[in-house]
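What follows is each chain in one-letter form.
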Amino acid sequence: MNEAADSTRPIGVFDSGVGGLSVLRALRAELPLERFVYVADNGHAPYGERDDAHVLKRSHAIADYLITSHGIKALVVACNTATAAAIQTLRAAYPELPIVGIEPALKPAAALSKTGVIGVMATRGTLNSEKFRKLLAGLHGAGTFVLQPCDGLADAIERFDTNRIQSLCGEYTQSMGNFGGTTGEMDCLVLGCTHYAFVDSELATLVGNQINLLEGGAPVARQTRRLLDQFRPGTLNQNPASAQSNLPMFYSTGNVNLLESAVQRWLKMNCKTLALHLD
Ligand code: DGL
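**Some details on the overall build of the chain**
At step 1: Within the chain, the secondary structure is distributed over 12 helices and 10 strands.
At step 2: Against the compact-globule benchmark of 19 Å for 279 residues, the chain has a radius of gyration of 18 Å, which places it among compact chains.
At step 3: Counting only C-alpha atoms, the chain reaches 60 × 40 × 35 Å along its principal axes.
At step 4: Taking all 279 residues of the chain together, 54% fall into the buried category.

Here's what the structure looks like:
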C-alpha cells in the first residue's frame, strides 16, 4: 500500500461503552485531520465486573472487526479494564499494528502530589489485574495510594442515571477518606476508568475544587501521535482538507440510542450510530 493511501486509513478506538468517548475527544483535539471509527461494546458491558476471559475475547473480536472491516492504521484501547486484560495479547496477535492502551495516571499523580496520598477510582477488573499490580509495585515509596473499586459507576454513567451517579460518587469518595492539602489527606484523585472523566464535575464538587483530578485521555492522544509519527512515518494524515470530512463513525453492540445521546451530550456532535453484531 502506498503512503498516500495509508494516511487516509482510520484509527480504531474501542471501549465497553461511552467512556472511551473521553479519549476520542482528546484524540480529535490532538489529531484533527484523522478519521476515527469508534466501537462501544455496550451489549457486553460492563467489563470491569466481568472476568478476564470475557474482556479478552471481546477485545480480540473488536480488534479483528476494526482491522478486517475498516483497515485501521492504529488501535486505541480506550478502556483501562480492557488494556489491563488484553493489551499484551492484542500486541502479540497484531505485531504490525500500532496499539495504544490506557492505564490509571498513578505516575503523574505521584509527581504532582504534595501530601503523597493519592486516591484511585477504577473498576474492580483494573484494580485486580496483574498489570495494575506491577504499576503499583513500580511506584513503591513514591506515595500512598488509596484504591477504590467503583462497582456500578460505569454502568450508571452509561445510562446517564444522574441519581445513581450522584449517590455512587458520594458513597465511594466518602469511603476513601479525607481529601485536602494537609498531611495524610489525598490531594490527587486518579480517574482510572474512562467513563469517570464524564463525572469529573460531580467528583470535584464532592472532594473539593482544589483536588487534582487526573484522567488519561490527553496522554493517550499524544502517545498515539508519537507512535504513528516515529514508527510509521507517512501514516499521519497531512491533508488540511480532511478536517471538514472526518466525522467519526460510531458503532454500538448494544443500545444505539445511549451512545448517540452520549455523543451529543459530551462531544457536541450529531452522529449516526450503527448497530454492530459481533459475537
Ligand atoms: N471504561 C472502562 C475502563 O476504562 C470500563 C467500564 C466498564 O466497567 O465496562 O475501565
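Continuing now.
**Brief notes about the site of the ligand**
At step 1: Among the 13 residues in the neighbourhood of the ligand, the closest are listed as Ser16, Tyr47, Gly48, Thr81 and His195.
At step 2: Against a free-state accessible area of 300 Å², the protein chains account for coverage of 99% of the ligand.
At step 3: For the ligand, the cavity whose grid points lie within 2 Å of the majority of its atoms is the largest cavity.
At step 4: Here the residues of the shell around the ligand sort into five nonpolar, seven polar and one charged.

**Considerations on the sheet that holds strand β5 (residues 117–122)**
At step 1: Within the open sheet, the four strands sit side by side as β6-β5-β7-β8. Their pairing is parallel. For this open sheet the edge positions go to β6 (144–149) and β8 (212–214), each flanked by a neighbour on one side alone. Shown here is a sheet whose adjacent strand axes are inclined to one another by a mean of 20°, direction ignored.
At step 2: Summarising the sheet, β5 and β6 pair through six bridges and their orientation is parallel. Pairing of Ala122 across the sheet is with Pro149, part of β6.
At step 3: In this fold helix α10 (residues 200–207) packs onto β5, β7 (188–191) and β8, with an angle of close to 150° to the strand it touches most, β8.

**Details of empty space enclosed by the protein**
At step 1: Applying the stated criterion across every chain yields a total of four cavities of 30 Å³ or more.
At step 2: Estimated volume of the largest cavity: approximately 90 Å³.
At step 3: Residue lining of the largest cavity: 14 residues in total, with Ser16, Thr81, Thr123, Cys193 and His195 positioned closest to the centre.
At step 4: By residue class, the composition of the lining of the largest cavity is five nonpolar, seven polar and two charged.
At step 5: Each pocket or cavity is described by its volume, and for the second largest cavity that value is around 60 Å³.
At step 6: Those elements that place two or more of their residues in the lining of the second largest cavity are α4 (80–93) and α7 (130–138).
At step 7: Of the residues assigned to the lining of the second largest cavity, the class counts are five nonpolar, four polar and two charged.

**Some points on the side chain of Glu34**
At step 1: Structurally, the position occupied by Glu34 is in the loop between α2 (21–30) and β2 (36–40).
At step 2: At 2.6 Å, the side chain of Glu34 forms a polar contact with the side chain of Lys73.
At step 3: Within the structure, the side chain of Glu34 is placed 2.6 Å from the backbone nitrogen of Asn237, a separation counted as a polar contact.
At step 4: When sequence neighbours within four positions are dropped, the list of residues in contact with Glu34 reads Ser7, Arg9, Ile11, Lys73, Thr235, Leu236, Asn237 and Asn246.

**Remarks on the pairing of β5**
At step 1: Where burial is concerned, most of β5 is hidden: six out of the six residues are buried.
At step 2: The alternating pattern of β5 places Val117, Gly119 and Met121 on one face and Ile118, Val120 and Ala122 on the opposite face, and all of these are buried.
At step 3: By the bridge criterion, four bridges tie β5 to β7 in an arrangement that is parallel. Looking across to β7, one finds that Gly119 is bridged to Leu189.

**Describing the pairing of β7**
At step 1: Neither face of β7 is left uncovered, since the one carrying Cys188 and Val190 and the one carrying Leu189 and Leu191 both have all their residues buried.
At step 2: Pairing between β7 and β8: three bridges, direction parallel. Pairing of Val190 across the sheet is with Leu214, part of β8.
At step 3: Following the backbone out of β7, through α10 and into the adjacent parallel β8, one traces a crossover that is right-handed.

Basis of the calculations
Residues numbered from 1 in each chain as written. Predicted model: local features only at pLDDT ≥ 70, side-chain atom pairs only at ≥ 80, totals over all residues. Heavy atoms only, no water. Helix = DSSP H or I, 4+ residues; strand = E, 2+ residues; numbered from the N terminus. Rg over C-alpha atoms; globule rule 2.2 N^0.38 Å. Buried < 20%, exposed > 50% of the residue type's maximum accessible area, 1.4 Å probe, protein only. Near = heavy atom within 4 Å. Areas by Shrake-Rupley, 256 points an atom, 1.4 Å probe, with all protein chains shown as cover. 1 Å grid on protein atoms, 1.4 Å probe; cavity = no way out; pocket = protein on both sides within 12 Å on 5 of 7 lines; lining within 4 Å. Sits in = over half its atoms within 2 Å of the grid points. Nonpolar A, V, L, I, M, F, W, Y, C, P; charged D, E, K, R; others polar. Pairing = 2+ DSSP bridges. Axes fitted to C-alpha atoms, helices over the stretch in contact; angles between N-to-C directions. Contact = heavy atoms within 4.5 Å. Points joined across faces, edges and corners; volume = space filled by probe spheres on them. Polar contact = N/O pair within 3.5 Å; in protein donor to acceptor, adjacent residues only side chain to side chain. Right-handed = clockwise from strand over helix to strand, strands pointing away.

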